[in-house]
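Chain by chain, the residues:
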Amino acid sequence: MDKFNPGKLMTAFFVFFFPILIYLGSWQVSRGLEKEVIVSQHYENKSLPVINEKEMDLTSADKLTYRTINLNGYFGAESYFLDNRLYMQEAGYEVFTTFESSGDKTFLVNRGWISKEDFNYQGLAISNSELSIQGILSPFKRFGLSLANEILEQDWPKYVQELDYAKAKSDLGQDLNNSVIQLSAGSIGALEPIWKPIELKPSRHYGYAVQWFGLALVLICSFFHFGFKKD
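Because the structure is predicted, anything quoted here is derived from the model rather than measured. (Residues numbered from 1 in each chain as written. Predicted model: local features only at pLDDT ≥ 70, side-chain atom pairs only at ≥ 80, totals over all residues. Heavy atoms only, no water.)

## Details of the overall build of the chain
Within the chain one finds 5 helices and 8 strands. Mapped from its N terminus to its C terminus, the chain presents α and β elements in the order α-α-β-β-β-α-β-β-β-β-α-β-α. Along the three orthogonal principal directions, the C-alpha set of the chain runs to about 85 × 35 × 35 Å. Burial status across the chain gives 35% buried among its 231 residues. Across the chain, the fraction of contacts at a sequence separation of at least 24, relative to all contacts at a separation of at least 6, is 68%. Looking at the chain as shown, the accessible area adds up to about 14100 Å², and 56% of this sits on carbon and sulfur atoms. For the chain, the distance from the average site of its 22 positive side-chain charges to the average site of its 27 negative ones is 11 Å. (Helix = DSSP H or I, 4+ residues; strand = E, 2+ residues; numbered from the N terminus. Buried < 20%, exposed > 50% of the residue type's maximum accessible area, 1.4 Å probe, protein only. Contact = heavy atoms within 4.5 Å. Areas by Shrake-Rupley, 256 points an atom, 1.4 Å probe, with all protein chains shown as cover. Lys, Arg positive; Asp, Glu negative; His and termini not counted. Charge placed at Lys NZ, Arg CZ, Asp CG, Glu CD.)

If you want it as structure tokens, here you go:
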């Protein structure tokens with residue numbers, strides 16, 4: 001039987017890269033499982049009856065995520081225009097506008113997407129008369145992505161590459177609710193709804209995991225090939 005001798009260089013290569021490939025594959029599996037929980041919670045809570053502001057106050061925070069809510073109040077004058085949002089291969093903005101509820105709560109409402117070609121700030125304005133809106137309560141996490149620290153404009157509206165709760169809270173005050181309302185298509189002020197609870201489906205993560213584990217398998221085969229190679 002041939003002696004197993006892959007050599008120092010191949011051994012070092014294997015020892016360095018094999019754990020990394022296994023880690024990346026395992027991480028993608030973990031992300032896929034997390035996304036499955038989010039998708040399941042989204043569809044389950046979305047199917048529950050619509051709640052109002054009073055019922056919201058009586059419901060624990062962990063059970064409010066992805067619930068449909070009906071609010072009375074009026075839209076504020078503050079809006080964020082989230083740039084670089086592609087829809088149907090067309091560039092546009094996602095429009096986030098403040099909403100003051102009749103219960104004296106401040107929400108940020110994602111009104112949806114609008115093409116840059118059709119963009120007209122004056123045309124997006126809504127009268128400050130009291131109205132009723134409906135939407136899904138979603139966690140106020142990060143929307144968009146900026147690779148550099150943005151310096152936000154002082155005046156409204158604000159054009160941003162990235163929007164998160166800390167940034168909005170510093171602009172709008174401590175009373176800002178920690179949920180974003182994803183406005184329903186039939187509500188006043190709604191644009192094109194493009195929001196989804198997750199960016200990548202669980203199956204995409206599992207596909208990436210298969211690729212990483214496949215590379216790990218190739219590395220193992222190569223390691224043994226070099227180890228038993230006569231030359």
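That shown, we press on.
## So, the layout of surface pockets
One number sums up the size of the largest pocket: a volume of about 1300 Å³. Secondary structure elements with two or more residues in the lining of the largest pocket: α1 (8-46), β1 (68-87), β3 (106-115), β4 (131-139), β5 (143-144), β8 (176-183) and α5 (202-228). No other element matches α1, which puts 10 residues into the lining of the largest pocket. For the lining of the largest pocket, the class distribution of residues is 21 nonpolar, 9 polar and 13 charged. (1 Å grid on protein atoms, 1.4 Å probe; cavity = no way out; pocket = protein on both sides within 12 Å on 5 of 7 lines; lining within 4 Å. Points joined across faces, edges and corners; volume = space filled by probe spheres on them. Nonpolar A, V, L, I, M, F, W, Y, C, P; charged D, E, K, R; others polar.)

## Notes on the packing of aromatic side chains
According to the stated counting rule, one finds 15 aromatic pairs in the structure shown. For the ring pair F13 and F17, a centre distance of 4.7 Å and an interplane angle of 45 degrees mean the geometry is tilted. Note that F13 and F17 are positioned in helix α1 at a spacing of 4 residues, about one turn of the helix. For F13, a relative accessible area of 41% translates into the label partly exposed. (Phe/Tyr/Trp six-rings, centres within 6.5 Å; stacked < 30°, edge-to-face > 60°.)

## Focus: the environment of F107
Its location among the elements puts F107 in strand β3. A sequence separation of 84 residues divides F107 from Y23, and the C-alpha atoms of the two residues are 39 Å apart. Excluding anything up to four places from it in sequence, F107 contacts M56, L71, T97, T98, F99, S101, L137, L176, N177, S179 and I181.

## Some words on the confidence of the model for the chain
Across the chain, the average pLDDT comes to 84, with 94% of residues at or above 70. For the chain, per-element mean pLDDT is lowest for helix α3 (residues 121-124), which scores 66, and highest for β3, which scores 91. (pLDDT = per-residue confidence, 0-100.)

## Quick notes on α5
Given 3.6 residues per turn, any residue in an α-helix points the same way as the ones three and four places further on. Between its terminal C-alpha atoms α5 stretches 39 Å, which fits the 39 Å expected from 27 residues at 1.5 Å a residue. Within the sequence span of α5, burial applies to P202, H205, A209, A216, L219, F223 and G227. Residues of α5 that are buried make contact with α1. (Expected span 1.5 Å × (residues − 1).)

## Let's talk about the packing of α1 against α5
Where α1 contacts α5, the two axes come as close as 8 Å, and the packing angle between them is 160 degrees. Of the possible angle classes, the one that applies to α1 and α5 is roughly antiparallel. As for the relative orientation of α1 and α5, their crossing is left-handed in sense. Partitioned by chemical class, the residues of the contact of α1 with α5 number 22 nonpolar, 7 polar and 3 charged. (Axes fitted to C-alpha atoms, helices over the stretch in contact; angles between N-to-C directions. Parallel < 35°, antiparallel > 145°, perpendicular 65-115°, else oblique. Left-handed = near helix turned anticlockwise from the far one by under 90°.)

## A closer look at the pairing of β8
Where burial is concerned, most of β8 is hidden: 7 out of the 8 residues are buried. For β3 and β8, the ladder comprises 4 bridges, and the chain directions are parallel. The residue bridging T106 from the neighbouring strand is L176, located in β8. Bridge count between β4 and β8: 5 bridges; the pairing is antiparallel. Opposite I136, over in β8, you have Q182 as the bridge partner. (Pairing = 2+ DSSP bridges.)

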